[in-house]
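# Geometric and topological summary
As a plain string of letters, each chain reads:
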Amino acid sequence: MTDKPTYEDWKPLADKEVKGRDLTWHTPEGIAVKPLYTSQDTADLDPGVPGIAPFTRGPYASMYTGRPWTIRQYAGFSTAEESNAFYRRNLAAGQKGLSVAFDLATHRGYDSDHPRVVGDVGKAGVAIDTVRDMEILFDQIPLDQMSVSMTMNGAVIPVMAFYIVAGERQGVAQEKLSGTIQNDILKEFMVRNTYIYPPEPSMRIVSDIIAYTSANMPRFNSISISGYHMHEAGATAVQELAFTIADGKEYAKRAMEAGLDIDAFAPRLSFFWGIGMNFFMEIAKMRAARHLWHDVMTELGAQNPKSKMLRTHCQTSGVSLQEQDPYNNVIRTTIEAMAAVLGGTQSLHTNALDEAIALPTDFSARIARNTQLVIQEETGITNVADPLGGSYYIESLTAALVDQAKAMLDEVEAAGGMTEYVASGKPKAQIEEAAAAKQASVDRGETVIVGVNKYRRDQEDEIDTLDIDNHKVRQSQIARIEQVRAARDEQACQRALDALAHGAEGGENLLALAVEAARHDATLGEISAAMERAFGRYDTMPTPVKGVYSRAYAGDERYEQVVRGVDAVARRLGRKPKVMVAKMGQDGHDRGANVIASAFADMGFEVLSGPLFQTPRETAAMALENDVDAVGASSLAAGHKTLIPELIGHLKDAGRADIKVVAGGVIPQKDYDFLRDAGVQGIYGPGSNVVECAADVLRLLGHNMPPAGENLDEAAE
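These figures come from a predicted structure and were not determined experimentally.

Let's shift gears to the pairing of strand E14 (residues 630–635). Counting buried residues along E14, six of its six residues qualify, which places the element largely inside the surrounding structure. Residue alternation in E14 divides its side chains into two sets, Ala630, Gly632 and Ser634 and Val631, Ala633 and Ser635, and both sets are buried.

Below is the structure:
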């Protein structure tokens with residue numbers, strides 16, 4: 001009997017076939033991936049079996065052989081009536097659970113009648129101002145039978161209170177409510193930015209919700225610890241793993257410090273991962289996460305095996321979706337959904353093909369939902385628990401991720417825990433650096449995006465997209481707020497709000513106090529403001545990373561052309577060309593804005609990063625005060641038709657129509673003419689090459705910048 005062939009036996013044959021070219025691939029995480037894995041690579045690894053510690057192969061023994069994952073479609077738009085109708089259509093077509101998306105005004109604790117949210121109401125989720133809105137949202141959907149997931153962090157107290165009281169008014173007691181509230185504020189300070197209060201009182205809110213639900217809502221998951229938004233912000237798999245597990249550890253420690261027994265609340269903790277296009281890495285990431293969480297909870301003293309089981313929801317990546325050749329997004333979502341399933345998710349949302357452009361239509365949502373139904377019903381995947389367990393490559397990749405994430409977790413612990421580490425700004429900076437490096441790799445063509453930087457079509461297909469009448473939605477919401485206020489016992493409501501404000505200053509449970517205020521029909525904005533009286537409202541200024549683009553483009557001729565073009569404009573102006581990167585409205589997703597700011601600064605522009613959550617008037621005032629040459633408005637939440645034209649109007653009113661306004665982000669092609677007519681001079685959608693965006697801005701500033709491939713030296717300065 002001969003020995004089994006080894007990697008060393010195979011490599012000379014492969015080297016000869018590819019003429020000695022190194023086939024090792026280095027992932028964005030820095031993991032060296034060999035072109036072949038054998039039993040030698042897993043000789044010291046024991047992945048165990050599903051349902052048994054450390055749960056690497058799955059939290060449950062039977063996995064999908066007993067019951068498939070829950071199909072959840074994250075949705076919410078416009079009014080509660082519109083969202084309710086959409087939910088009921090999807091439930092009738094095979095969806096098994098609800099996952100609610102709230103609009104940005106709601107996320108940031110503002111009622112729809114607040115002047116700061118004129119352009120945000122109903123645009124990127126459903127507007128919820130009162131318990132009445134929540135009642136309509138779940139009309140004819142029995143809350144004692146339907147599991148409800150709610151993505152809410154900043155205004156988590158009033159949203160949870162409204163959900164509880166809406167259940168009461170439907171005749172459903174708290175102990176019968178089932179589902180999950182995200183309630184993960186630490187990641188908001190790192191990446192998503194829909195916070196309201198400073199970190200410490202925000203952490204108290206998390207603990208209060210864990211305590212209240214542990215005592216009163218045994219079927220409800222009190223927190224969904226989210227790596228998804230880190231993934232969308234550009235984090236590597238290791239960063240997403242380590243920072244998310246560290247967040248979970250911090251929440252558990254805070255709950256224990258508040259006097260809760262770890263085994264009383266830990267079984268109701270859940271996680272939420274983003275699933276991207278690195279297929280095997282995503283599968284390994286989920287397996288590594290279960291291993292890491294088991295070890296963390298063991299270290300914290302958990303005894304119940306259910307406390308050590310990492311259960312998770314997953315969502316396919318939004319940032320991997322492209323505006324160009326958008327039907328490719330169906331393929332991308334299918335691949336990502338397969339990775340989530342093979343990684344062992346407990347529930348899944350599949351993004352629709354048009355979500356790089358607008359909110360999903362019924363047509364695109366049906367394809368997204370059916371993607372999961374086809375995987376469940378037609379592939380045979382559900383017949384085997386962890387079908388990829390034992391794969392030489394998967395097991396090796398899982399072990400590598402565990403090792404790297406543990407090293408990062410040790411660094412967080414040495415810094416004093418995740419709250420301290422977040423306050424230092426290090427995780428945010430690390431994720432932003434990874435995001436800039438990824439974008440530079442795409443721009444250079446090193447990372448291929450089909451239909452974007454390779455196999456690009458000469459002309460794109462037009463697709464129908466959903467458009468929300470923001471003005472109409474806002475007026476209907478204001479009318480309902482006025483009706484609710486007119487019908488309530490005003491004195492009782494104000495007493496409940498005062499009790500909440502005093503409780504925030506003291507040590508009473510904030511959710512219990514907010515439930516009482518909701519019973520008296522206090523609005524979401526009023527409940528948020530009552531706590532703001534004690535806590536204040538948190539604000540930060542962006543500080544984009546530097547040097548990523550200049551390192552990635554070292555020696556690149558086109559990049560150097562742009563740098564020389566910036567120098568030429570600087571000589572003509574007597575100073576560097578000055579660009580303001582603006583984030584207007586209540587959308588906190590700042591990945592795109594930070595990447596642009598980082599890249600433009602590296603190319604020699606003077607970049608002014610505006611603070612998050614500005615109104616158009618505030619953006620115009622900042623642009624005028626700093627005498628900028630151009631404003632780049634980042635739009636990711638469908639506010640481009642309201643916020644950007646208003647900004648241009650303010651600049652014109654100030655006599656500075658010469659300041660160029662360009663727009664980037666999620667903007668449907670059908671809206672380009674509208675924006676151009678409003679005065680927008682450059683529009684850069686998803687997939688735009690950042691270096692070419694900079695070249696275009698130079699042209700707008702009067703420089704004779706040639707197209708890519710032409711010699712800059714032949715262009716007049």
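Right, let's talk about the packing of helix H11 (residues 279–299) against helix H12 (residues 328–343) for a bit. Running from N to C, H11 and H12 point in directions that differ by 30 degrees, and their axes come no closer than 8 Å. Overall, the two elements H11 and H12 adopt an arrangement that is roughly parallel. The two elements H11 and H12 cross, and the hand of that crossing is right-handed. Of the residues in H12, those in contact with Phe279, Glu282, Ile283, Met286 and Arg290 of H11 are Ile335, Met338, Ala339, Ala340, Leu342 and Gly343. Split by residue class, the contact of H11 with H12 holds eight nonpolar, one polar and two charged.

Attention now moves to the pattern of salt bridges. The final tally for this structure, using the stated rule, is 47 salt bridges. The shortest N-O distance in the salt bridge between Arg444 and Asp556 comes to 3.5 Å. With Arg444 in the loop between helix H16 (426–443) and helix H17 (470–487) and Asp556 in the loop between helix H21 (548–552) and helix H22 (557–573), the pair connects residues that are 112 residues apart, well separated along the chain. Look at Arg444 and you get partly exposed, because its relative accessible area is 33%. Connected via shared salt-bridge partners are Asp111, Asp113, Arg485, Arg488, Glu490 and Glu526.

Below, the discussion takes up the sheet that holds strand E15 (residues 660–665). Spatially, E13-E12-E14-E15-E16 is the arrangement adopted by the five strands of the open sheet, whose pairing is parallel. A strand with exactly one partner marks an edge of an open sheet, and here the two such strands are strand E13 (606–609) and strand E16 (682–684). Put simply, the sheet's adjacent strands are angled 20 degrees from each other on average, direction ignored. Two strands pair when backbone bridges link them, and E14 and E15 are joined in this way by six bridges, in the parallel orientation. Considered in E15, the bridge of Gly632 is made with Val662. Where helix H25 (residues 640–653) meets the sheet, it contacts E14 and E15, and its direction lies at approximately 165 degrees from that of E15. In the packing of helix H27 (residues 690–700) onto the sheet, the strands contacted are E15 and E16, and the crossing angle to E16 comes to about 175 degrees.

With that settled, consider the nonpolar core. It is characteristic of soluble globular proteins that their nonpolar side chains tend to be buried jointly. Judged by nonpolar contacts, the single largest core of 76 residues is most densely connected at Phe243, Trp273, Leu401 and Met418. In this structure, Val159, Tyr163, Leu497 and Ala518 belong to the second largest nonpolar core, which totals 60 residues.

This part is about the environment of Val595. With respect to the element layout, Val595 can be found in helix H23 (residues 591–602). The buried category is assigned to Val595, whose relative accessible area is 7%. Counting along the chain gives 210 residues from Val595 to Ala385, while the straight-line C-alpha distance between them is 41 Å. Setting aside its immediate chain neighbours within four residues, Val595 contacts Ala435, Ala436, Gln439, Tyr549 and Val690.

The next subject is H12. Look at H12: 23 Å from first C-alpha to last across 16 residues, which is about the 22 Å you get at 1.5 Å a residue. Residues of H12 that are buried: Asn328, Asn329, Arg332, Thr333, Glu336, Ala337, Ala339, Ala340, Val341, Leu342 and Gly343. The elements touched by buried residues of H12 are strand E9 (269–275), H11, strand E10 (312–316), strand E11 (347–349) and helix H13 (362–378). With its phi angle positive at about 95 degrees, Gly344 sits one or two positions after the end of H12.

Turning to the packing of aromatic side chains, a few remarks are in order. Enumeration according to the criterion identifies 19 aromatic pairs in this entry. Arranged with centres 5.6 Å apart and planes meeting at 40 degrees, the rings of Tyr163 and Phe220 form a pair that is tilted. Placement of the pair is Tyr163 in helix H5 (residues 156–169) and Phe220 in strand E7 (residues 220–221), with a sequence separation of 57 residues. Aromatic pair Tyr228 and Phe272: ring centres 5.0 Å apart, planes at 0 degrees, arrangement stacked. Linking Tyr228 in helix H8 (residues 228–233) with Phe272 in strand E9, this pair joins segments that are 44 residues apart in sequence. Grouped by ring-pair contacts, the aromatic residues Tyr37, Phe279, Phe280 and Tyr393 constitute a single cluster. Residue placement shows Lys34 over the ring face of Tyr37; its charged tip is 5.2 Å from the ring centre. Between Lys641 and the ring centre of Phe674, over which it is positioned, the NZ or CZ distance is 5.2 Å.

Assignment of secondary structure puts Asp184 in the loop between strand E6 (179–181) and helix H6 (186–192). Buried and unpaired, Asp184 has Lys187 as its nearest opposite-charge partner, separated by 4.3 Å. Asp184 has contacts with Asn153, Ile223, Ser224, Ile225, Ser226, Asp247 and Tyr251, leaving out every residue within four places of it along the chain.

The next subject is the packing of H5 against helix H7 (residues 199–216). A packed helix pair is summarised by two numbers, namely the angle formed by the two axes and the spacing between the axes. Interaxial distance between H5 and H7 falls to 10 Å at its minimum, and their mutual angle equals 20 degrees. Accordingly, the angle class assigned to the pair H5 and H7 is roughly parallel. For the pair formed by H5 and H7, the contact residues are Val156, Ile157, Met160 and Ile164 on the first element and Ile205, Ile209, Tyr212 and Thr213 on the second. Of the residues belonging to the contact of H5 with H7, the class tally is seven nonpolar, one polar and no charged.

So, on to a nonpolar patch on the surface. Together, Met277, Ile331 and Ile335 make up an exposed nonpolar region whose accessible area comes to about 240 Å². Mapped onto the secondary structure, Ile335 falls in helix H12.

The next thing to look at is the environment of Ser635. Tracing the chain through its elements places Ser635 in strand E14. The buried category is assigned to Ser635, whose relative accessible area is 6%. Residues Ser635 and Asp410, spaced 225 residues apart in sequence, show a C-alpha to C-alpha distance of 37 Å. Residues in contact with Ser635, not counting those within four places in the same chain, are His640, Gly664, Gly665 and Val666.

Thresholds applied
Residues numbered from 1 in each chain as written. Predicted model: local features only at pLDDT ≥ 70, side-chain atom pairs only at ≥ 80, totals over all residues. Heavy atoms only, no water. Buried < 20%, exposed > 50% of the residue type's maximum accessible area, 1.4 Å probe, protein only. Helix = DSSP H or I, 4+ residues; strand = E, 2+ residues; numbered from the N terminus. Axes fitted to C-alpha atoms, helices over the stretch in contact; angles between N-to-C directions. Parallel < 35°, antiparallel > 145°, perpendicular 65-115°, else oblique. Left-handed = near helix turned anticlockwise from the far one by under 90°. Contact = heavy atoms within 4.5 Å. Nonpolar A, V, L, I, M, F, W, Y, C, P; charged D, E, K, R; others polar. Salt bridge = Lys/Arg side-chain N within 4 Å of Asp/Glu carboxyl O. Pairing = 2+ DSSP bridges. Core = buried A, V, L, I, M, F, W, Y, C linked by side-chain atoms within 4.5 Å. Expected span 1.5 Å × (residues − 1). Phe/Tyr/Trp six-rings, centres within 6.5 Å; stacked < 30°, edge-to-face > 60°. Lys NZ or Arg CZ within 6 Å of the ring centre and 35° of its normal. Lys, Arg positive; Asp, Glu negative; His and termini not counted. Patch = residues over 30% accessible without salt bridge, like charges linked within 9 Å, V, L, I, M, F, W, Y side chains within 5 Å. Areas by Shrake-Rupley, 256 points an atom, 1.4 Å probe, with all protein chains shown as cover.

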